[in-house]
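Report on the structure
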Amino acid sequence: MTFLIAGAGPAGARLAAVLSEAGREVVLVERLTDPHRNSFSSAALSCGEASRLNLPHSAWSATWSGWQLLDPSGQEHQWWNDDPLGVVLDFGRLRSAMWSRARAAGVEVVTGCTARIEALQSDSARVLLQHGDGRRQHRHVQWVIDATGSSRCLLREASVPPPSLIDPLLEGIGVEWLLQADDRVSPRWLDRISFFLGTRWIPHGYGWIFPMGNNRLKVGVCCLAPGQIRGSKNDLLARLQALLRNCKLEGCSVLDRHGGVVSSSIARRESLGSGALLAVGDAASTANLLGGEGIRHAIDSADLLAETLLNAEARNQVGPDQADAVRQTYEQALHCWFGWRWRVAGKLAQRTWWGLDSASADRRVERIIHGLSRTSSAQDLSSLLFHYRFERYGLRLLRYLI
Ligand SMILES: Cc1cc2nc3c(=O)[nH]c(=O)nc-3n(C[C@H](O)[C@H](O)[C@H](O)COP(=O)(O)OP(=O)(O)OC[C@H]3O[C@@H](n4cnc5c(N)ncnc54)[C@H](O)[C@@H]3O)c2cc1C
């Protein structure tokens, strides 16, 4: 079987490597020329997940052992663990390592090139490759995969219906700067991940400061407002600059400015393709907006898709009438893997971020943070925000969701 994967983020690069390692012919097309450009992701995740997914140590920039939340009144709350709880990746280095693994597995990696669907059938697709230097090529493949992240470029080109009004996309728009700090200002932000919650920082969203190696800090803000009240990029930049002033970081030199969009439906009821087109990663709504986290979910979805495709081939499930069955199997596999916890986390994200726009919402956030201060350890926070373990919050959580 031949595969063309559009987008070499964590999902596309992983899928390409796994399929090629299983002996399949794979082309991976990426519009960036350099994996370090637009390194938009803050890329924090738990140590356990980074190890489970074999994320290369070359991409681990710093580890963290504490959570720090600044509440709507500016008060600081901390939770510490003796051992590291998580890691902040250098997203550029992660992509670079994943592209290298794909190349080593025999994938044809085409960079600086945009993929577009020209013709889509139930058992094959014709794809146009538009190179940055103006060259155009056509490829004919059995499966084409949309791994273009939240832009969902190929799904849109193929007119696959977007998420419906019943289960709309929850979308976050983030801007982030990479700062070079020094021993004078960095200690307050090292060894921990810090979040800023409340309308004084940003309505409908949150700010963050994550540590990187060599006294560098990732500082960002993300807005997850309902569609009709989206702010402009300038609003976001103004919020970011205010956060820097407030944290006395405005004197640090800015090494990189980047940003991006992360989006997901909650129940993933939308179709994840059509004919020979399938979606993976953010394009398949695998990101979870509770903590704006999507890297591990994108990689898990790539592994599930690879397994589905290889199993389908082993069962000789190929041909024009089989594409829908393969897609259904994949959608079910995603549904089982992400499960009810992932969906409750998405609902919690929607409830929290869409509603965070008033003094009463600020007070609610304050009450939640004070409650967590009294009852929870650093590990409990990781269990809640990374593993979606809600049981201990039981009825209180249910009341909040309703
Ligand atoms: C500001 C911000 C902060 C984040 N922080 C975290 C975090 O701390 N932890 C975490 O786990 N997740 C975080 N995320 C989310 C995470 O980065 C994404 O979930 C993850 O990158 C999704 O991987 P993906 O491969 O599905 O898509 P992407 O990483 O978006 O990759 C898609 C790729 O497709 C390419 N592309 C697009 N269109 C085309 C085309 N037509 N042809 C060819 N190539 C194309 C793009 O250049 C891109 O490289 C953050 C996201 C944002 C925006």
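Residues numbered from 1 in each chain as written. Predicted model: local features only at pLDDT ≥ 70, side-chain atom pairs only at ≥ 80, totals over all residues.

What to know about the nonpolar core
We count it as follows: One nonpolar core equals one set of buried Ala, Val, Leu, Ile, Met, Phe, Trp, Tyr and Cys residues connected by C-beta atoms within 7 Å. Exposure classes come from backbone-placed C-beta atoms, where a residue is buried if 20 or more other C-beta atoms lie within 10 Å of its own, exposed if 12 or fewer do, and partly exposed in between. Secondary structure elements are defined from DSSP: runs of H or I of at least 4 residues count as helices, runs of E of at least 2 residues count as strands, and each element is numbered from the N terminus. Where each domain starts and ends comes from a domain assignment, either automatic or drawn from a database. Placing C-beta atoms from the backbone, we regard two residues as in contact once those atoms come within 7 Å.
With 115 residues, the main nonpolar core has Ile5, Leu15, Ala16, Leu28, Val144, Ile145 and Val280 as its most contacted residues. Residue contributions to this core peak at 10 residues, all from helix H7 (residues 323–355). Counting contributing residues per domain, this core is built from domain 1 (2–39 + 92–163 + 271–339) and domain 2 (52–91 + 167–264 + 350–401), each supplying no fewer than three. When neighbours within four sequence positions are excluded, leucine 28 is seen to be in contact with Ile5, Ala8, Gly12, Ala13, Ala16, Ala102, Val107, Val109 and Val110.

Considering the site of the ligand
Selection rule: Placing the C-beta atom from the backbone, one calls a residue near a molecule or strand if that atom lies within 6 Å of it. Put simply, Ala, Val, Leu, Ile, Met, Phe, Trp, Tyr, Cys and Pro go in the nonpolar bin, Asp, Glu, Lys and Arg in the charged bin, and everything else, Gly too, in the polar bin.
With respect to spatial proximity, 40 residues lie near the ligand, and among them Gly7, Gly9, Gly149, Gly281 and Gly294 are the closest. Listed by contribution, the elements that provide at least two residues to the shell around the ligand are helix H1 (10–21), strand E2 (25–30), strand E3 (44–46), strand E9 (113–120), strand E13 (170–180), strand E16 (216–223), strand E17 (253–264) and helix H6 (295–314). Counted by class, the shell around the ligand contains 19 nonpolar, 15 polar and 6 charged residues. Two domains each provide a minimum of three residues to the shell around the ligand, namely domain 1 (2–39 + 92–163 + 271–339) and domain 2 (52–91 + 167–264 + 350–401).

Comments concerning the pairing of strand E6 (residues 76–80)
Let me state the cut-off plainly: In this analysis, strands are considered paired if DSSP registers two or more bridges between them.
Of the pairings in the sheet, the one linking strand E5 (residues 66–70) to E6 comprises 5 bridges and is antiparallel in character. Considered in E6, the bridge of leucine 69 is made with histidine 77. Where E5 folds back on E6, the antiparallel hairpin that results is connected by 5 residues, among which glycine 74 adopts a positive phi of roughly 95°.

A look at the sheet that holds E9
Convention followed: Orientation is described by lines fitted to C-alpha atoms, with helices fitted over the stretch in contact, and by angles between N-to-C directions that extend from 0 to 180 degrees.
Within the open sheet, the 3 strands sit side by side as E9-E10-E11. Their pairing is antiparallel. Looking at which strands have only one partner, the edges of the open sheet turn out to be E9 and strand E11 (136–141). The sheet shows a mean angle of 25° between the axes of neighbouring strands, taken without regard to direction.

Topic: unusual backbone geometry
Unusually for a residue other than glycine, alanine 43 sits at a positive phi of about 60°. Here alanine 43 is to be found in the loop between E2 and E3. Although it is not a glycine, asparagine 214 adopts a positive phi angle of roughly 55°. Mapped onto the secondary structure, asparagine 214 falls in the loop between strand E15 (205–211) and E16. Accessibility expressed as a C-beta count within 10 Å gives 10 for asparagine 214, which makes it exposed.

Concerning the sheet that holds E17
Ordered by their spatial adjacency, 7 strands build an open sheet running E6-E5-E14-E15-E16-E13-E17, and the pairing between neighbours is mixed. Both outer strands of the open sheet, E6 and E17, are each paired with one neighbouring strand and no more. Ignoring strand direction, the axes of neighbouring strands in this sheet form an average angle of 15°. Pairing of E5 with strand E14 (residues 192–197) involves 5 bridges; the strand directions are parallel. If you follow glycine 66 over to E14, its bridge partner there is arginine 192. Each of E13, E14, E15 and E16 touches helix H5 (residues 233–246); the most contacted strand, E16, lies at about 135° to it.

Focus on the pairing of E11
The buried count for E11 comes to 0 of 6 residues, which makes it a mostly uncovered element. Bridge count for strand E10 (residues 125–131) against E11 is 6 bridges, and the pairing is antiparallel. Across the sheet, alanine 125 pairs through a bridge with valine 141, a residue of E11. Between the antiparallel neighbours E10 and E11 lie 4 residues, among them glycine 134 with a positive phi of about 100°.

Some details on the packing of H6 against H7
The cut-off we apply is this: Left-handed is the label given to a crossing in which the near helix is rotated counterclockwise from the far helix by less than a right angle, and right-handed is the label when the rotation is clockwise.
Interaxial distance between H6 and H7 falls to 10 Å at its minimum, and their mutual angle equals 145°. Crossing hand, H6 versus H7: right-handed. On the side of H6, the interface is formed by Asp300, Ser301, Leu304, Leu305, Thr308 and Ala312, while H7 contributes Val326, Thr329, Tyr330, Ala333, Leu334 and Trp337. Class assignment of the residues belonging to the contact of H6 with H7 gives a composition of 8 nonpolar, 3 polar and 1 charged.

Here we look at the domain arrangement of the protein chain
By the assigned domains, the protein chain splits into domain 1 (2–39 + 92–163 + 271–339) and domain 2 (52–91 + 167–264 + 350–401). Inter-centroid distance (C-alpha atoms) of domain 1 to domain 2 is 29 Å. At the junction of the two partners, domain 1 supplies 21 residues and domain 2 supplies 23 residues. No other element matches the 5 residues that helix H3 (residues 91–104) contributes to the side of domain 1 that touches domain 2. Looking at the side of domain 1 that touches domain 2 residue by residue, the class counts come to 7 nonpolar, 10 polar and 4 charged.

Focus on helix H9 (residues 378–387)
To keep it simple, the criterion reads: Taken from the helix axis, the directions to the C-beta atoms give the arc we talk about.
Restricting attention to buried positions, one finds in H9 the residues Ser382, Leu384 and Phe386. Around the axis of H9, the buried residues are gathered within 165° of arc, so they sit on the same side. Packing partners of the buried residues in H9 comprise E3.

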